[in-house]
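Breakdown of the fold
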Amino acid sequence: MDSKARSTENIALCMRTLRDILAELGPKTPLQPGMKNLLKALAENMGYKRAFLAIFDQESDTLRIGLTYTQPTSSQADYTPGQGVIGQVFESGSSIVVSRMKDHPEFLNRAFGRSTEELSSLAFISVPVIAVNSESREVLGTLSVDLPTQPREILEANRQFLEVVAGLIANQAALLQEEMALQRHLMAHGMGLGSEEPYPHMPNIVATSKTMRMVLQQVSQVGPSRATALIRGESGTGKELLAEAIHAASPRADQPLVKLNCAALPADLIESELFGHEKGAFTGAVSQKKGMFEQADKGTLFLDEIGELSLEAQAKVLRAIQEKEIQRLGSEQTITVDTRLICATHRPLEDLLQEGNFREDLYYRVNVFPVFIPPLRERRDDILPMAEHFLDIFSKEYAKKIKRISTPAIDLLTSYHWPGNVRELRNCMERATLICDEDVIRSYHLPPSLQSAESSATDTDLSFGEAVAKFEQEILVDALKKAKGNMLQAARDLRVSYRIVNYKVKKYRIDPKKYGGQGKKKRSQSST
């Protein structure tokens, strides 16, 4: 095989490997299993004997082998910055290529116990995994591989390829670093994650952003205890869903979770709902009724909008927490209850405290473990994964075969300010699914509020004309993809004339052939 053919084959191999890697980086892919599959695809496709990630542990100031393809033989495979090849790569932020392991004085052979034969026949490449944003550049760890000894130019080509892979997995490496810190914290407090997936009790919660993953870490911490949790956040952020997750992570998971929205009932009915009543206790009390504290005995009671309770009801809730006792309305009999309390509020309880509308002693009892859910506009990394999650739910519910969300629609979703938070996003995707009559959610399927000037591309640095042109190009490309490059069919789908589509294609220098492959067929036919 000549060098040109070999180069073409190598490029194809690298592209296939990158596609396999990207398939494991989706928002719905569990982190650790996905990363292990990624390392497996990398090693098997590229002919690497080993592939592994070393992640920097900030507390111990060491690099630790986090994930591998092939199991390390030593559990003490740690490196300090500057120690060995891996430590040098981390400290310098620059890649190192070792042509033959046994010839490099800094190669420590610490993790895998490589044989003398392997040290003589294997090369080693280590590249830094770097998180880059507008303000900083942070080395998170290293990606390293063992591979057969080869000419230097081939090893350098592999080094360049691995640097691309390291850039792709930087976000996942950052999440792994957070998980390592969480596991160390839990182990220090006598708890383990108990699963490869760090949040096994929260399958319905989609969290990609760093802030939401920190919230889920807090849930993992408070769930196994019996401490009272106070969930705070704007309306629609998912406080009830988080309460369900805390209950599911607790030893009470197989017992009832009883819920009450304190703002949904008049003040004179709240006490009856919470503590129950005897027959004849008040007008309309025609029979005995158990209250929610009794219903949640041995389980969990979730009080949403606790700031709406009257001061009298607050006093009785405080007694139930402190004394584990309640009395039904119209009865003097004391009933013992073992109920864990989770509360939620969108109002600042501190303001209610200052106004005299919330008891100070109750405030300190319910605020034992506060959890704050940030609004959706402050965690935009979660918007698209959640939109896809809701699309999947409603496509199944309404028997629709919708495959994806178009680029213009994604832009609208991610730039909108979401005053109604996750609840508004869910409603938006349900509406879009209902009215969509094709296999793609497009911008015109979204509510008009998302298409206002406030949430559109005009918020960017683009002029009005540039924004319109960008929007036109994206719609046209979507139509050509659907029509497999056929401009006449694209014109029909867009309900415009062929002449307009042809004009726009030339104006924006779009090549329809790349979306259909028709040109290749013609060339192959003419050559036969």
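Note that this is a predicted model, so its numbers are computed, not measured.

Conventions we followed
Residues numbered from 1 in each chain as written. Predicted model: local features only at pLDDT ≥ 70, side-chain atom pairs only at ≥ 80, totals over all residues. Heavy atoms only, no water. Helix = DSSP H or I, 4+ residues; strand = E, 2+ residues; numbered from the N terminus. Buried < 20%, exposed > 50% of the residue type's maximum accessible area, 1.4 Å probe, protein only. 1 Å grid on protein atoms, 1.4 Å probe; cavity = no way out; pocket = protein on both sides within 12 Å on 5 of 7 lines; lining within 4 Å. Points joined across faces, edges and corners; volume = space filled by probe spheres on them. Nonpolar A, V, L, I, M, F, W, Y, C, P; charged D, E, K, R; others polar. Axes fitted to C-alpha atoms, helices over the stretch in contact; angles between N-to-C directions. Parallel < 35°, antiparallel > 145°, perpendicular 65-115°, else oblique. Left-handed = near helix turned anticlockwise from the far one by under 90°. Contact = heavy atoms within 4.5 Å.

Examining unusual backbone geometry
Within the chain, Glu305 stands out as a residue other than glycine whose phi angle is a positive 55°. Within the fold, Glu305 resides in the loop between strand 11 (300–304) and helix 11 (311–323). The exposure class of Glu305 is buried, given its relative accessible area of 9%. Of note in this structure, Lys484 is not a glycine but carries a positive phi near 55°.

Observations regarding empty space enclosed by the protein
Under the definition given, this model contains two cavities of 30 Å³ or more. Forming the walls of the largest cavity are 14 residues, and the residues nearest its centre are Tyr79, Ile86, Phe107, Leu108 and Asn109. Looking at the lining of the largest cavity, the element that brings in the most residues is helix 3 (residues 84–92), giving three residues. Grouping the constituent residues of the lining of the largest cavity by class yields nine nonpolar, two polar and three charged. Taken as a whole, the second largest cavity spans an internal volume of roughly 50 Å³. Lining the second largest cavity, in full, are Ser406, Pro408, Arg442, Ser443, Tyr444, Ile475 and Asp478. Residue classes in the lining of the second largest cavity are distributed as three nonpolar, two polar and two charged.

Looking at the packing of helix 9 (residues 267–275) against helix 11
Relative to each other, helix 9 and helix 11 sit at 15°, their axes nearing to 9 Å. By the angle between their directions, the pair helix 9 and helix 11 is classed as roughly parallel. Between helix 9 and helix 11 the crossing geometry is left-handed. The residues of helix 11 that touch helix 9, namely those facing Glu271, Leu274 and Phe275, are Glu312, Ala313, Lys316 and Val317. Of the residues that constitute the contact of helix 9 with helix 11, the class distribution is four nonpolar, no polar and three charged.

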